[in-house]
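# Architecture and fold: a report
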Amino acid sequence: LKLTTACGKVGWLAMAELARWQWDDIGVWRDFAEQYQAEMEASFQCRSRSLELSIPPFGRFQIDLIDMKQVSLTGVNAGYHRSIRRQARRIEVGYFILGCDGDIFASDSAVDQIEDEPVLDALTSLLQRIADDPEDFEARSVQLNEEPHLSTLGQCEPAVQFLN
């Protein structure tokens, strides 16, 4: 996704996909337990046809990622099958990292008022640093009253407003 302003590009923001795996409980979709979500998604992303899950105390299950079925291999109802689904939604990485509702990309956003290329470059660099390592909370803090940001982001009121 390209983030743009009135005067040109700011940078590229990646799209992320959040997926939840669910099983059909007689017409009600229920999430698989958290410990199985990542395993199922990893198998799906590797384009595996299926995977086997052991879900105590219920038994072992064959999860068919192509036909989207769950088949009981062991347990009370061995051989029973039910539908599964993958609920996915795409989000902008900036939306996820900044915790905003997407309004930062609206045409009347403070970021759209920034026209100075060095400020745009500094903002792009800052957002890219956060996107590269979202677990590094130090990357989310920036001193606008010190270099290297004082002469760029710190002097641009729309950038300061955007970052608040």
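Residues numbered from 1 in each chain as written. Predicted model: local features only at pLDDT ≥ 70, side-chain atom pairs only at ≥ 80, totals over all residues. Heavy atoms only, no water.

## Brief notes about the layout of surface pockets
Inclusion rule: Every definition here rests on a 1 Å grid over the protein atoms only: cavities are sets of points where a 1.4 Å probe fits but cannot get out, pockets are open sets enclosed by protein on both sides within 12 Å along at least five of seven lines, and lining residues have some atom within 4 Å of a point. Grid points are joined across faces, edges and corners, and a volume is the space filled by probe spheres set on the points. Polarity classes work like this: nonpolar for Ala, Val, Leu, Ile, Met, Phe, Trp, Tyr, Cys and Pro, charged for Asp, Glu, Lys and Arg, and polar for all others, with Gly in that last group.
Here the largest pocket is characterised by a volume of approximately 350 Å³. If you go around the largest pocket, you meet 18 residues; those closest to its centre are Ile-55, Phe-58, Phe-61, Gln-70 and Arg-82. When the residues that make up the lining of the largest pocket are grouped by side-chain class, the tally is eleven nonpolar, five polar and two charged.

## Remarks on the pattern of salt bridges
Let me state the cut-off plainly: A carboxyl oxygen of Asp or Glu within 4 Å of a side-chain nitrogen of Lys or Arg is what we treat as a salt bridge.
Across all of its chains, the model carries seven salt bridges by this definition. In this structure, the salt-bridge partner of Asp-25 is Arg-30, at a minimum N-O distance of 2.6 Å. The network of salt bridges with common partners includes Arg-20, Asp-31 and Glu-34.

## Looking at the side chain of Glu-41
Rules: Every helix listed is a DSSP run of H or I at least four residues long, and every strand listed is a run of E at least two residues long, numbered separately from the N terminus. In this scheme, a residue with accessible area under 20% of its type's maximum is buried, one over 50% is exposed, and one in between is partly exposed, where area comes from a 1.4 Å probe on protein chains only. Any pair of N or O atoms that falls within 3.5 Å is considered a polar contact. Within protein, one atom must be able to donate a hydrogen and the other to accept it, and sequence-neighbouring residues count only if both atoms are side-chain atoms. By the convention used here, residues are in contact when the closest approach between their heavy atoms is within 4.5 Å.
With respect to the helices, strands and loops of the structure, Glu-41 is situated in helix α1 (residues 34-45). On the basis of relative accessibility, which here comes to 17%, the residue Glu-41 falls in the buried class. Here the side chain of Glu-41 touches Trp-21 through a polar contact of 2.9 Å, side chain to side chain. Apart from the residues within four sequence positions on either side, Glu-41 is in contact with Ala-19, Trp-21 and Arg-86.

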